[in-house]
Number of protein chains: 2
Amino acid sequence: MACALDIIGDHWTLLVIRDLMFLGRHEYKDMLAGEEGISSNILSGRLKKLEGAGIITFVQHPESKRRKLYYLTQKGKDLVYIMLDVARWADKHLDDKVVIPEDRRFFLDMPAETVANTVFDKLAAWEKEFIGGSL
Amino acid sequence: MACALDIIGDHWTLLVIRDLMFLGRHEYKDMLAGEEGISSNILSGRLKKLEGAGIITFVQHPESKRRKLYYLTQKGKDLVYIMLDVARWADKHLDDKVVIPEDRRFFLDMPAETVANTVFDKLAAWEKEFIGGSL
DNA sequence: AAATTTCACTTGCATAATGCAATTATTTAC
DNA sequence: GTAAATAATTGCATTATGCAAGTGAAATTT
């Protein structure tokens, strides 16, 4: 538990992972523009830390040398179960403060495995387009 | 997600909850003696924060005026699903660094609901002895 | 009853992390 | 060539953390 929390137990790390897992934000600038307003230095540090931990990796953007496309490794994708439980808990106990977006709300009523497979499929499709397609 | 992480997204909070949920540490001094070595000021702060968030509460120890018995509310107990997923993820992906204690290892092979019910039953028995018994 | 110990904190202070704004280097667009 | 976009980095103020020591009340020992 403590070792896992060394990696994912801070305010911003799981938000970066959420961007990659659910929101289709694969670029630095997309994550920087997120509604929570992460600072550029924090984002930069978290991306490096997550890369070092083997949770994310990246390829060069096919249209630009300077842009990078970040995406989750399987180690990162497996965090979906934790993410889902956090969302379920927040929905149940913080429902006055929390609004789960409608387009993802139905996830909460699905079995975890179904959600995981849906997410995995979506990420695989993205990878096929941007990673598989460019190699 | 962000709101939940404001509460539980830090290094020590989930460790305090783990103490209350799995390790039967219900007193300040028990948590302070934990193997991770939390500082007294940090522990004090986290207990207050968790109490303020409605995740834990406490009663006076039946044998002493100064001692307190902390325990989880239902809001706190429901974090068991997140805790279990964190443990599963760590076991799968950090297995070189992580040793799951043998006396709790079998939890990883059980369905989440079974684990939750086991934990809930154990906590209810504790509460019946220390809370119900003293009122 | 006086002295000691236990307990749940609190305080002081050094170090580290965070947050914001501005800057930099490189790449792309015009 | 000039200007804009991108992925960072730097400087600096504020905040959080970590350690050691201290505090005051309650319990225990003598």
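The structure we're discussing is the one just above.
Residues numbered from 1 in each chain as written. Chains lettered and ligands numbered in written order. Predicted model: local features only at pLDDT ≥ 70, side-chain atom pairs only at ≥ 80, totals over all residues. Heavy atoms only, no water.

J.: Looking at this model, I keep getting lost on the relation of the copies chain B and chain A. Mind explaining?
T.: Two copies of one chain are present, and they are related through a rotation about an axis combined with an axial shift. The transformation that overlays chain B on chain A combines an axial shift of 0.0 Å with a rotation of 180 degrees, and the residual RMSD is 0.1 Å. A rotation of that kind, with that shift, is consistent with a two-fold axis. Relative to the rotation axis, the C-alpha of Asp10 of chain B is the closest in chain B, positioned 2.3 Å from it. Take the interface residues of chain B: 100% of them recur as interface residues in chain A, which is what a same-surface contact looks like. (Least-squares fit on C-alpha atoms with pLDDT ≥ 70 in both. Contact = heavy atoms within 4.5 Å.)

J.: Can you walk me through the interface of chain B and chain A in this structure?
T.: Interface size is commonly expressed as the accessible surface area that is lost when the partners come together. Opposite the 31 residues of chain B that make contact, chain A presents 31 residues. Together, the buried faces of chain B and chain A total about 2900 Å²; carbon and sulfur atoms form 76% of this surface. Of all residues in chain B, Met1, Leu5 and Trp89 of chain B give up the largest surface area on contact with chain A, accounting jointly for 25% of the area buried on that side. Linking chain B to chain A there are two salt bridges. With its nearest N and O atoms 2.8 Å apart, the salt bridge here joins Asp78 of chain A to Lys92 of chain B. At the junction of chain B and chain A, the tally comes to 10 residue pairs in polar contact (both at pLDDT 80 or more). Secondary-structure elements contributing two or more residues to the side of chain B that touches chain A are helix H1 (2–8), helix H2 (13–21), helix H5 (74–77) and helix H6 (80–93) of chain B. No other element matches H6 of chain B, which puts 10 residues into the side of chain B that touches chain A. (Buried area = accessible area lost by both parts, 1.4 Å probe. Salt bridge = Lys/Arg side-chain N within 4 Å of Asp/Glu carboxyl O. Polar contact = N/O pair within 3.5 Å; in protein donor to acceptor, adjacent residues only side chain to side chain. Helix = DSSP H or I, 4+ residues; strand = E, 2+ residues; numbered from the N terminus.)

J.: Which parts of the structure should I look at to understand the protein's contact with DNA strand C?
T.: The environment of DNA strand C is made up of 20 residues, and the closest members are Trp12, Asn41 and Lys65 of chain A together with Arg66 and Tyr70 of chain B. Near-protein atoms of DNA strand C (within 4 Å) split between backbone and bases, with sugar and phosphate holding 66%. Within the side chain of Arg66 of chain A, an N or O atom sits 2.8 Å from a base oxygen of DNA strand C. The residue inventory of the surface near DNA strand C, partitioned by class, reads four nonpolar, seven polar and nine charged. (Near = heavy atom within 4 Å. Nonpolar A, V, L, I, M, F, W, Y, C, P; charged D, E, K, R; others polar.)

J.: Would you take a moment to explain the packing of aromatic side chains for this structure?
T.: Centre distance and the angle of the planes are the two values used to describe a pair of aromatic rings. Residue and element names in this part refer to chain A. Summed over the entire model, instances satisfying the criterion amount to 10 aromatic pairs over all chains. With a centroid separation of 4.9 Å and 40 degrees between ring planes, the pair formed by Phe106 and Phe107 is classed as tilted. Of the residues examined, Phe106 reaches a relative accessible area of 46% and is grouped as partly exposed. By relative accessible area, Phe107 is classed as buried at 11%. Aromatic ring contacts, followed pair by pair, group Phe22, Phe106 and Phe107 into a single cluster. Above the face of the Phe58 ring, Lys68 is positioned so that its terminal group lies 4.5 Å from the ring centre. (Phe/Tyr/Trp six-rings, centres within 6.5 Å; stacked < 30°, edge-to-face > 60°. Buried < 20%, exposed > 50% of the residue type's maximum accessible area, 1.4 Å probe, protein only. Lys NZ or Arg CZ within 6 Å of the ring centre and 35° of its normal.)

J.: When you look at the pattern of salt bridges in this model, what are you seeing that I'm missing?
T.: A side chain with one charge can pair with a side chain of the opposite charge if their charged atoms come near. Counting across every chain of the model gives 29 salt bridges over all chains. Between Asp91 of chain A and Arg105 of chain A there is a salt bridge whose closest N-O contact spans 2.6 Å. Taken together, the residues Asp91 of chain A in helix H6 (residues 80–93) and Arg105 of chain A in helix H7 (residues 102–105) connect sequence positions 14 residues apart. With its nearest N and O atoms 3.0 Å apart, the salt bridge here joins Arg25 of chain B to Glu35 of chain B. Of this pair, Arg25 of chain B sits in the loop between H2 and helix H3 (28–32) while Glu35 of chain B is found in the loop between H3 and helix H4 (40–52), placing the two residues 10 residues apart along the sequence. In this structure, a network of salt bridges that share partners links the residues Arg18, Asp19, Arg25, Glu35 and Glu36 of chain A.

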